[in-house]
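One letter stands for each residue in the lines below.
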Amino acid sequence: QRLFGVAAGHADRAERLVLWRRALERIASEGDLGLAAAADRSQGMTGADIQDLCCLTIEEAVRAGSVDPATRQVILKHEHMLRAWDLRKKTRLAGQ
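Here the structure is a predicted model, which means the values were calculated and not measured.

1. A look at the confidence of the model for the protein chain
Right, on to step 1. The predicted model of the protein chain averages 89 in pLDDT, with 89% of residues at 70 or higher.
Right, on to step 2. When the elements of the protein chain are averaged for pLDDT, strand S1 (residues 2-3) gives the smallest value, 51, and strand S4 (residues 75-76) the largest, 98.

2. Let's talk about the pattern of salt bridges
Right, on to step 1. If you walk through the whole model with that rule in mind, you get five salt bridges.
Right, on to step 2. Measuring nitrogen to oxygen at the nearest pair gives 2.4 Å for the salt bridge that ties Arg13 to Asp40. Pair noted here: Arg13 is in helix H1 (residues 13-24) and Asp40 is in helix H2 (residues 35-41), with a separation of 27 residues, a long-range link.
Right, on to step 3. Since its relative accessible area comes to 35%, Arg13 is described here as partly exposed.
Right, on to step 4. One salt bridge connects Glu60 with Arg63, and the closest N-O pair in it is separated by 2.5 Å. With Glu60 and Arg63 both in helix H3 (residues 47-63) and three residues apart, the pair spans about one turn of that helix.
Right, on to step 5. The class of Glu60 is buried, set by a relative accessible area of 11%.

3. Some words on the packing of H1 against H3
Right, on to step 1. At their nearest, the axes of H1 and H3 sit 10 Å apart, and the two run at 40 degrees to each other. If you check the angle between H1 and H3, you find them oblique. Between H1 and H3 lies a crossing whose hand is right-handed. Only Gly47, Ile50, Gln51, Leu53, Cys54 and Ile58 of H3 make contact with H1, whose side of the interface consists of Arg16, Leu19, Trp20, Ala23 and Leu24.
Right, on to step 2. Counted by class, the contact of H1 with H3 contains eight nonpolar, two polar and one charged residues.

Definitions and cut-offs
- Just so you know, the residues in each chain are numbered from 1, in the order the chain's sequence is written.
- Since the coordinates come from a predicted model, pLDDT governs what is reported: local features require at least 70, and pairs of side-chain atoms require 80 or more to be given and counted, while whole-chain, interface and lining totals use all residues.
- The side-chain numbers reported here are obtained from all heavy atoms of the structure, hydrogens and water having been left aside.
- Known as pLDDT, the predictor's per-residue confidence is scaled from 0 to 100.
- Only DSSP runs of H or I covering at least 4 residues are called helices, and only runs of E covering at least 2 are called strands; the numbering of each starts at the N terminus.
- One speaks of a salt bridge when a side-chain nitrogen belonging to Lys or Arg is within 4 Å of a carboxyl oxygen belonging to Asp or Glu.
- Only protein chains enter the accessibility calculation, which uses a 1.4 Å probe. A residue is then buried if its area is under 20% of the maximum for its type, exposed if over 50%, and partly exposed in between.
- In this analysis an axis means a line fitted to C-alpha atoms, helices contributing only their contacting stretch, and an angle means the value between N-to-C directions, from 0 to 180 degrees.
- Here is the rule for angles: anything less than 35 degrees is roughly parallel, anything more than 145 is roughly antiparallel, 65 through 115 is roughly perpendicular, and the remaining ranges are oblique.
- Throughout, a crossing is termed right-handed when the near helix is turned clockwise from the far one, and left-handed when it is turned anticlockwise from it by less than a right angle.
- Every residue pair with non-hydrogen atoms within 4.5 Å of one another is taken to be in contact.
- Residues are grouped as follows: Ala, Val, Leu, Ile, Met, Phe, Trp, Tyr, Cys and Pro are nonpolar; Asp, Glu, Lys and Arg are charged; every other residue, Gly included, is polar.

This is the structure we're talking about:
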């Protein structure tokens, strides 16, 4: 199986970067989201893990009120991505 053109299972860095970019390509962003760093940090993750983190990032943006009032479109920022990583880490630690 393939997700966003990348084979299922654990992806290499270049493939993870593609997954990050494609998962967030239709979401407006402000500034650099740090996707290259996310690709490094997500070593050992599957496409589903990355997709989950993208969803958490969008949720964090909504919680922060980062929405364009005219278009009602979510606007992602690097800080939302960082909060999503922290939330994922806390959730994983709580489950151990």
